Amino acid sequence: MAEDGQLSVPTTMQETDLPSTKRSMRDTARNKRAALSPEEISAASNSIREHLMGILDGTGQLMVYVSKPLEVDTHPLIEQLLSGKRKIVVPIIEKETKTLRLTYLTQTSDLIESTFGVPEPIGREQPVDPRAVKAVIVPMLGFDQRGHRLGYGSGYYDRFLSANPHLLKIGLAFSCLEAAEIPVDENDVSMDLIITEHGIIRCGSCRAPDKGDTWRNTLK
C-alpha cells in the first residue's frame, strides 16, 4: 500500500551507498515510530496480535521477541500464549557471537531489562535447540511488500535466521513503517509473512493461497 509519507529510498542511491541509505531510513523510521502516541501503539499492537492469533493453530513451539518501548508490543501476546499453555521461546542477545541463543519463557516475571534494553530472562534460562522451533516473530523498523525487512543494523536476527532456514519468519510492524522498497544485500533475510494493524502480507512462497495451507500448517 503505497502512501505519501512512506519510508523512501533516495533516488540517487547507488549500491555502494547501501549502509548510509539504511542508516537514513532507520532514522526516518524511528522518527515515524516516535510520533505515534501510546494509545496508537497499544491499539495497533492489539490489532496485530489479533491477526497473528488467527493463524497460530496448534501447539508448535514459537519464538517471540520481547518488545521494548515503541516497538509492536508483544507482552500481551506472550501473556495470552502462556495462558493457553503454549510453549514460548524467546531470544537472548549474544554480543560475543553477534547472534541469538534461545530459551523457554514460562512466566513474564522472569524478564529483566538486558542488552540494548531488551527484556530477557537472564538467570532463568532453559536452553532450546532452534531445530525444535517452527516459527519466529521478528521485530522490524521497516518493511516492503516483498518481505524485505529493515532491522536495527546489528545483524543479530539475520545471522540467526540464515543459520536456521527452516523457520517460518513472521515480521511485526506498524503500517506507517512500510516502504516502497527496502534495499537489501546478500546478508539480509526476508520475511515469509508481515503483520501490521491492517492485516497479513504474504510474501514470497507464502503470497498465495490465502488460507489453510503450507504456512498455516507449519504452525501446527
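Quick note: structure is the one above.
This paragraph deals with the layout of surface pockets. Put simply, the largest pocket is a space of about 710 Å³. What lines the largest pocket is a set of 33 residues, among which Y152, G153, S154, G155 and Y156 lie closest to the centre. Every element with two or more residues in the lining of the largest pocket is listed here: α1 (18–34), β2 (88–94), β8 (149–150) and α4 (156–163). By residue number, the principal contributor to the lining of the largest pocket is α4, which donates five residues.

Evaluated as defined, the whole model comprises one cavity of 30 Å³ or more. The volume enclosed by the largest cavity comes to roughly 40 Å³. Together, R33, Y65, E71, V72, P139, M140, L172, F174 and L177 line the largest cavity. For the lining of the largest cavity, the class distribution of residues is seven nonpolar, no polar and two charged.

Glancing now at the packing of helix α2 (residues 38–53) against helix α3 (residues 75–83). Relative orientation of the contacting elements α2 and α3 amounts to 35°, with a least axis distance of 9 Å. The two elements α2 and α3 meet at a crossing, and its hand is right-handed. Residues R49, L52 and M53 of α2 pack against P76, L77, Q80 and L81 of α3. For the contact of α2 with α3, the per-class residue count stands at five nonpolar, one polar and one charged.

This part is about the pattern of salt bridges. Where charged atoms from two side chains of opposite charge come close, those side chains can pair. All told, the structure shown has seven salt bridges when counted by the stated rule. When the shortest N-O distance is used, the salt bridge between E125 and R101 registers 2.8 Å. Of this pair, E125 sits in the loop between β5 (119–120) and β6 (135–139) while R101 sits in strand β3 (residues 99–105), and the two are 24 residues apart along the sequence. Accessibility expressed as a relative area gives 30% for E125, which makes it partly exposed. The partner of D129 in a salt bridge is R131, and the shortest N-O contact between them spans 2.6 Å. Residue classification places D129 among the partly exposed residues on the basis of a relative accessible area of 35%. When salt bridges that share partners are traced, they join E94, R101 and E125 into one network.

Now for unusual backbone geometry. We note that L70 has phi near 80°; this positive angle belongs to a residue other than glycine. Structurally, L70 is set in the loop between β1 (62–64) and α3. Its relative accessible area of 34% is what places L70 among the partly exposed residues. A positive phi angle, near 60°, is found at F116, a position not held by glycine. Mapped onto the elements of the fold, F116 is located in the loop between β4 (112–113) and β5.

Before going further, it helps to spend a moment on the sheet that holds β3. Strand order in the open sheet made by the seven strands is β3-β2-β1-β6-β9-β10-β11, with mixed pairing throughout. Taken across any chain shown, the strands that pair with only one partner, and hence form the sheet edges, are β3 and β11 (199–202). Going across the sheet, the axis of each strand differs from the next one's by a mean of 30°, ignoring polarity. For strand β9 (residues 168–172) and strand β10 (residues 193–196), the ladder comprises three bridges, and the chain directions are parallel. The partner of L172 across the bridge, within β10, is I195. Against the sheet, α3 contacts β1, β2 and β3, and its axis sits at roughly 150° relative to β1. Its contacts with the sheet put α4 on β1, β2, β3, β6 and β9, and the angle it makes with β3 is roughly 80°.

Tracing the backbone through its elements, the reader meets S47 in helix α2. For S47, a relative accessible area of 25% translates into the label partly exposed. Once the C-alpha coordinates of S47 and H198 are considered, the two residues, 151 residues apart in sequence, prove to be 7.6 Å apart.

It is worth spelling out the pairing of β10 at this point. Side-chain alternation along β10 places L193 and I195 on one buried face and I194 and T196 on a second face that is also buried. Judged from the four bridges that link them, β10 and β11 form a sheet pairing that is antiparallel. Each residue of the ladder has a partner; that of I195, found in β11, is I200. Once β10 ends, the chain turns through two residues before running back antiparallel as β11.

How each quantity is defined
- Residues numbered from 1 in each chain as written.
- Predicted model: local features only at pLDDT ≥ 70, side-chain atom pairs only at ≥ 80, totals over all residues.
- Heavy atoms only, no water.
- 1 Å grid on protein atoms, 1.4 Å probe; cavity = no way out; pocket = protein on both sides within 12 Å on 5 of 7 lines; lining within 4 Å.
- Points joined across faces, edges and corners; volume = space filled by probe spheres on them.
- Helix = DSSP H or I, 4+ residues; strand = E, 2+ residues; numbered from the N terminus.
- Nonpolar A, V, L, I, M, F, W, Y, C, P; charged D, E, K, R; others polar.
- Axes fitted to C-alpha atoms, helices over the stretch in contact; angles between N-to-C directions.
- Left-handed = near helix turned anticlockwise from the far one by under 90°.
- Contact = heavy atoms within 4.5 Å.
- Salt bridge = Lys/Arg side-chain N within 4 Å of Asp/Glu carboxyl O.
- Buried < 20%, exposed > 50% of the residue type's maximum accessible area, 1.4 Å probe, protein only.
- Pairing = 2+ DSSP bridges.

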